[in-house]
Amino acid sequence: MENKIKYVQLSVDNKEECAVFEKLMAAYVKELDEHGHDPMPEGFLQKWIKSIISIQGASDRHLELCYDGDTLIGFLYGKVDHEDHKGFVKPGYGYIMEFYVKPEYRRRGYGRAMFRRLEWLLTHDGADKMYLTADPVTGRPFWEAMGFLATGERSPENKMEIYEKSASFDWSGREKLMPLTEETAAEIGGWRYESPYDAYSFRGDADSWLMDRSTWGTEQFCLADGDRIIGHVTCQNDGDDLWVGWSMAPRLCGKGSGAAFVKKCVTGLRRVTGHKGRIMLRVAAWNQRAIHAYQKAGFTYVETIQDEIAYSDHMEDFWVMELKSVN
Ligand SMILES: CC(C)(COP(=O)(O)OP(=O)(O)OC[C@H]1O[C@@H](n2cnc3c(N)ncnc32)[C@H](O)[C@@H]1OP(=O)(O)O)[C@@H](O)C(=O)NCCC(=O)NCCS
């Protein structure tokens with residue numbers, strides 16, 4: 001189911017898709033009215049739909065039409081709240097604004113698959129938690145089945161109860177190791193990590209190694225899922241060994257995804273380099289979070305060495321770890 005659905009982000013420039021959305025949205029609102037929501041005056045409804053359409057394509061909102069083959073199933077609409085957004089906001093939370101499966105396609109798992117897609121988009125935008133106000137008839141049982149819990153708090157906007165759930169980052173299976181490009185290197189150059197991991201923050205200066213174009217696609221890559229960058233990945237051959245390094249995007253760190261990330265990087269590196277031998281890495285001895293992820297991904301301790309830390313002449317203890325060859 002998950003990979004069967006095609007998602008099309010609405011764009012104000014695509015008149016055909018906008019017309020499709022207008023119709024769906026009108027049916028959705030009509031149904032919510034029947035479920036006891038405050039009915040919307042006709043003139044206002046049209047204006048509201050147009051105002052939603054007018055910001056699609058050029059904003060951080062995800063309004064996607066969902067198709068199974070050529071069949072239109074429904075739509076999803078969400079965003080991550082920021083302080084400067086209008087109205088009631090919960091900064092940092094993913095907000096599921098509207099969500100609709102056409103009546104004839106319900107109870108076949110489409111809603112669940114579409115929700116997973118939206119959760120994926122919201123966690124990639126940095127959300128740790130999600131919230132929504134649940135329609136009392138079809139919404140509430142569905143969202144409860146998705147793991148949302150009532151908070152007891154009511155939205156000052158529609159007076160409906162707010163439901164919440166933690167957002168967990170999930171892998172789509174479409175992650176790929178790609179050569180760095182101007183665009184991806186520029187994004188990675190802006191990555192900053194929170195203390196005590198700030199030493200790993202990137203420096204996107206023109207003379208930094210990250211910006212050395214001769215290494216893009218040979219020694220430096222990004223792990224990406226479509227246009228979403230998940231990590232920066234490096235490798236260098238030394239004799240029979242491949243020495244590697246990687247950094248996961250700061251917004252995805254601390255969510256228990258480290259070992260899965262490392263495994264994806266290893267698989268990608270073996271594929272692009274053809275290297276079957278030992279894979280080696282060096283990690284600061286104090287960085288137990290990373291060491292734990294490496295151990296879970298199959299790396300084992302080799303020795304402790306003293307070395308300089310990046311951008312300074314300060315010496316520190318590092319663990320050397322290895323992952324055995326594959327046959
Ligand atoms: C809510 C909605 C999106 C669910 O879509 P769906 O495709 O039917 O959902 P799924 O088939 O993936 O349902 C997943 C699970 O949710 C639960 N669920 C969904 N709808 C339910 C209902 N009406 N009653 C009880 N449980 C329900 C079930 O556990 C279901 O699993 P099951 O079918 O194996 O029992 C759809 O009913 C809808 O669009 N309703 C109108 C608009 C709406 O209410 N939107 C939400 C606004 S807050």
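This text gives an overview of the structure that appears in the document.

About the criteria used
Residues numbered from 1 in each chain as written. Predicted model: local features only at pLDDT ≥ 70, side-chain atom pairs only at ≥ 80, totals over all residues. Near = placed C-beta within 6 Å. Helix = DSSP H or I, 4+ residues; strand = E, 2+ residues; numbered from the N terminus. Nonpolar A, V, L, I, M, F, W, Y, C, P; charged D, E, K, R; others polar. Pairing = 2+ DSSP bridges. Axes fitted to C-alpha atoms, helices over the stretch in contact; angles between N-to-C directions.

Near the ligand lie 20 residues; those nearest to it are Arg 106, Gly 111, Gly 139, Pro 141 and Ala 145. Elements with a minimum of two residues in the shell around the ligand: α1 (15–34), β4 (94–101), α3 (110–124) and α4 (139–145). Per element, the largest residue contribution to the shell around the ligand is four residues, and it comes from α4. Considering only residue class, the shell around the ligand consists of ten nonpolar, four polar and six charged.

This brings us to the sheet that holds strand β7 (residues 161–166). Ordered in space as β1-β2-β3-β4-β5-β7-β6, the seven strands form an open sheet in which the pairing is mixed. Each of the sheet's edge strands pairs with one partner strand only, and the pair in question is β1 (5–9) and β6 (149–154). Taking the axes of each pair of neighbouring strands and ignoring which way they run, one obtains an average angle of 30° across the sheet.

Next up on the list: the pairing of strand β9 (residues 220–225). Direction of pairing for strand β8 (residues 176–179) relative to β9: antiparallel, over a ladder of four bridges. In the sheet register, Met 178 faces β9, and the bridge partner there is Cys 222. Pairing geometry for β9 and strand β10 (residues 228–238), over six bridges, is antiparallel. Pairing of Asp 225 across the sheet is with Arg 228, part of β10.

Okay, the sheet that holds strand β14 (residues 315–323) next. An order of β8-β9-β10-β11-β12-β14-β13 is seen for the seven strands of this open sheet, with the pairing classed as mixed. The open sheet has two free edges, formed respectively by β8 and β13 (300–308), since each of these has just one partner strand. In this sheet, adjacent strand axes meet at a mean angle of 35° when their direction is disregarded. Pairing between β10 and strand β11 (residues 241–248): eight bridges, direction antiparallel.

Both strand β12 (residues 279–284) and β14 contribute to a ladder of six bridges, which runs antiparallel. Bridge pairing links Leu 281 to Met 321 in β14. Where β13 meets β14, eight bridges bridge the pair, whose relative direction is antiparallel. Looking at β14, one finds that Thr 300 is bridged to Glu 322.

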